[in-house]
Amino acid sequence: MSDREITVTVNGTVHTALVEPRRTLADFLRHTLGLTATHLGCEHGVCGACTVLLDGEAVRSCLALAVHADGHEVTTVEGIAEPGQMHPVQTALWESGAFQCGFCTPGFVMTIYGMERDARAGRGCPRSRTEIREELSGNICRCSGYQAIVDGAEAALTAATGSASGSETRR
Amino acid sequence: MKPASFEYWTPTSVDEAVKVLSGLDDPGDAKVMAGGQSLMPLLNLRLSQPLHVVDLNGVDGMADIRREGDTLTVGAMCRQRAVERSAEVSAAAPLVVEALGNVGHPAIRNRGTVGGSIAHADPAAEMPAVALCLDAEMVAQGPAGGRVIPATEFFEGFLTTALTEEEVLTGIRFTADGPGSGSAFAEVARRHGDFAMAGVAVHVRLDGDTVAQARIAVSGVGLTPVRATGAESSLRGATAAEDAFAAAAAATSSALRPATDLHASGAYRTHVVGVLVRRALRTATDRARGNR
């Protein structure tokens, strides 16, 4: 099988690379680009650790091929704040103590970041803890017991919806 | 694990996709990729090692939602999240939207497609049961041209459909709900987003308080989703009330012999289906009353 040339914008930087079609987006980010903050847990779409944004939508990077990102924009956890800084979502999780080992954290951050962006853009986002739990149901954490993660998500989303008041709650 | 090597094809039209498939020595060596949310796990785990992957993600015009008269056509490559948020689908086929809320998780639905889910034909999945319940029509294209396959003839066996190896599913046609219609979806899964141990899709049409038509499809209880035809005929002409719902639930359960596996026993599944049928009928008839 022959390699394909792809051009992908990752965290605002345009990358052109030759990839095997079978290379997953997750492995492209980690191995080709060296962006190892995106973690790989189960590699079959169950754990959510590899969640990134593809054109602004949260997706599992283990369930997409690198070639699917050709001509598209990917955001990973490396790209949501300036180096050495934390994004408000990260700060909210930090202040809630929402981690122990941290392996699942990049996936949670990206899932919450996707919702937070929607909230800031006034597109509506989950507000109740039940809705937040539903949105986070695809991310698995083995240490925290989830309460602190939901606390952090709630704080981040409340702050973001406050800054875009009048936005409608989804469903 | 990582996918095994495959020859990768990126057609830009349905015609080209069909040409690629029919041009292979053995089209059975190929897998067609839509959103990849079922196929990618199979490739990553090497449970499937196709020699060819024909990727539909670059095909134009397969992701439209169109309403013409009473017919709603959902392009096979429509992402589940887009369909879930579509006002057009919500108005014409609210059952589709309700059931999609149970498909995987939001990040899965951002990528997963309605057509992919139906063509994959997992008997525990939501979309096949919904298509069967609503008497949807699958629009397929092959080397000999297009054809339309009714849902009742589409699901042939475990992960097996009436599509030939050279055909591509291009869209799903639903008949839009009319006045007096109501629908409901209910399932029981161990965790939200998991495949259900059993699920039920119900669509009713009321004439006053009388059931003019009832359609019930059950998932997770066999090799394909199944219609509960006995229950459907027991409901026809009955007053939409608890007695009729209980009889329909009993008729549905008694016609099933679901298998026992590590997720649930057959007896438990049979029981759960009865409970779900009653609940879904209550909800669907309430909605029908509010939709005069």
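Nothing here was measured: the structure is a model prediction, and the numbers come from that model. (Residues numbered from 1 in each chain as written. Chains lettered and ligands numbered in written order. Predicted model: local features only at pLDDT ≥ 70, side-chain atom pairs only at ≥ 80, totals over all residues.)

### Thoughts on the overall build of chain A
1) Next: If you tally the helices and strands in chain A, you get five helices and five strands.
2) Next: Beginning at the N terminus, the succession of helices and strands in chain A can be written as β-β-α-β-β-β-α-α-α-α.
3) Next: In terms of overall dimensions, chain A is globule-like: its C-alpha atoms have a radius of gyration of 16 Å, near the 16 Å expected for 171 residues.
4) Next: The C-alpha extent of chain A, read off along each of the three principal axes, is 50 × 35 × 35 Å.
5) Next: Residue burial in chain A is summarised as follows: out of 171 residues, 47% are buried. (Helix = DSSP H or I, 4+ residues; strand = E, 2+ residues; numbered from the N terminus. Rg over C-alpha atoms; globule rule 2.2 N^0.38 Å. Buried ≥ 20, exposed ≤ 12 C-beta atoms within 10 Å, placed from the backbone.)

### Details of the interface of chain A and chain B
1) Next: The interface is formed by 21 residues belonging to chain A together with 23 residues belonging to chain B.
2) Next: Of all the secondary-structure elements, those providing two or more residues to the side of chain A that touches chain B are strand 4 (57-60) and helix 4 (129-135) of chain A.
3) Next: With four residues, the single largest contributor to the side of chain A that touches chain B is strand 4 of chain A.
4) Next: For the side of chain A that touches chain B, the residue count by class is seven nonpolar, eight polar and six charged. (Contact = placed C-beta atoms within 7 Å. Nonpolar A, V, L, I, M, F, W, Y, C, P; charged D, E, K, R; others polar.)

### Description of the domain arrangement of chain B
1) Next: Looking at the assigned domains, one finds that chain B contains domain 1 (7-55), domain 2 (65-175) and domain 3 (181-289).
2) Next: The C-alpha centroid of domain 3 of chain B is placed 35 Å from the C-alpha centroid of domain 1 of chain B. (Domains from an automatic or database assignment.)

### Brief notes about the sheet that holds strand 3 (residues 52-55) of chain B
All names here are of chain B.
1) Next: Taken together, the three strands give an open sheet; going across it, the order is 1-3-2, and neighbouring strands pair in parallel fashion. Looking at which strands have only one partner, the edges of the open sheet turn out to be strand 1 (7-9) and strand 2 (30-33). Taken over all neighbouring pairs, the strand axes of this sheet differ in orientation by 20 degrees on average, direction set aside.
2) Next: Inspection of the sheet shows strand 2 paired to strand 3 by four bridges, in the parallel sense. Paired with K31 across the strands is V53, a residue of strand 3. (Pairing = 2+ DSSP bridges. Axes fitted to C-alpha atoms, helices over the stretch in contact; angles between N-to-C directions.)

### Quick word on the domain arrangement of chain A
All names here are of chain A.
1) Next: The domain architecture assigned to chain A consists of domain 1 (4-79) and domain 2 (88-162).
2) Next: The straight-line distance from the C-alpha centre of domain 1 to that of domain 2 is 21 Å.
3) Next: Taken together, the contact between domain 1 and domain 2 spans 14 residues of the former and twelve residues of the latter.
4) Next: Listing elements by their share of the side of domain 1 that touches domain 2, those giving two or more residues are strand 3 (51-54) and strand 4.
5) Next: In terms of residue count, the dominant contributor to the side of domain 1 that touches domain 2 is strand 3 (three residues).
6) Next: For the side of domain 1 that touches domain 2, the per-class residue count stands at eight nonpolar, five polar and one charged.

### Overview of the packing of helix 11 (residues 242-254) of chain B against helix 12 (residues 266-289) of chain B
How two helices sit against one another is set out by the angle between their axes and by the gap between those axes.
Residues and elements named next belong to chain B.
1) Next: Between helix 11 and helix 12, the least distance of the axes is 8 Å, while the angle of their chain directions is 145 degrees. Every pair of crossing elements has a handedness; the one defined by helix 11 and helix 12 is right-handed. Between helix 11, through F245, A246, A248, A249, A250, T252 and S253, and helix 12, the contact on the second element is made entirely by T270, V273, G274, V277, R278, L281 and R282. (Left-handed = near helix turned anticlockwise from the far one by under 90°.)

### A few points about the environment of B:Q49
1) Next: Within the secondary structure, B:Q49 is located in the loop between helix 2 (39-44) and strand 3.
2) Next: Residue B:Q49 is classed as partly exposed on the basis of its 13 C-beta neighbours within 10 Å.

### Some remarks on helix 5 (residues 147-162) of chain A
Residues and elements named next belong to chain A.
1) Next: The terminal C-alpha atoms of helix 5 lie 22 Å apart, and with 16 residues this matches the ideal 22 Å at 1.5 Å per residue to within 8%.
2) Next: I149, G152, A153, A156, L157, A160 and T161 are the residues of helix 5 that are buried. Relative to the axis of helix 5, the buried residues are bounded by an arc of 155 degrees and lie together on one face. Among the exposed residues of helix 5, those pointing more than 90 degrees away from its buried face are Q147 and G162.
3) Next: Looking at the buried positions of helix 5, the neighbouring elements they touch are helix 2 (88-96), helix 3 (105-120) and helix 4. (Expected span 1.5 Å × (residues − 1). Arc of directions from axis to C-beta.)

### Topic: the environment of B:A121
Residue and element names in this part refer to chain B.
1) Next: Note that A121 resides in the loop between helix 7 (114-120) and helix 8 (126-133).
2) Next: Classification of A121 by C-beta neighbours within 10 Å gives buried; the count is 24.
3) Next: Each C-alpha atom, one on A121 and one on V204, is 24 Å from the other, the two residues being 83 residues apart in sequence.
4) Next: Setting aside chain neighbours within four positions, we find A121 in contact with P128, F155, L159, T160 and T161.

### What about helix 8 of chain B?
1) Next: The buried fraction of helix 8 of chain B amounts to eight of the eight residues, a majority that puts the element mostly inside the structure.
2) Next: Those residues of helix 8 of chain B lying buried are B:E126, B:M127, B:P128, B:A129, B:V130, B:A131, B:L132 and B:C133.

### Comments concerning the sheet that holds strand 5 (residues 71-75) of chain B
Hydrogen bonds between backbone groups are what pair the strands of a sheet, and the pairing can be parallel or antiparallel.
Residue and element names in this part refer to chain B.
1) Next: Ordered by their spatial adjacency, five strands build an open sheet running 4-5-10-6-7, and the pairing between neighbours is antiparallel. Whereas interior strands pair on both sides, the edge strands pair on one side only; in this sheet they are strand 4 (65-68) and strand 7 (145-150). Averaged over all neighbouring strand pairs, the angle between strand axes comes to 25 degrees, with direction disregarded.
2) Next: Here strand 4 runs beside strand 5; their pairing, made up of four bridges, is antiparallel. Across the sheet, the residue bridging to R66 is T73, located in strand 5.
3) Next: Running at roughly 130 degrees to strand 10 (residues 168-175), helix 1 (residues 14-23) makes contact with strand 6 (137-142) and strand 10 of the sheet.

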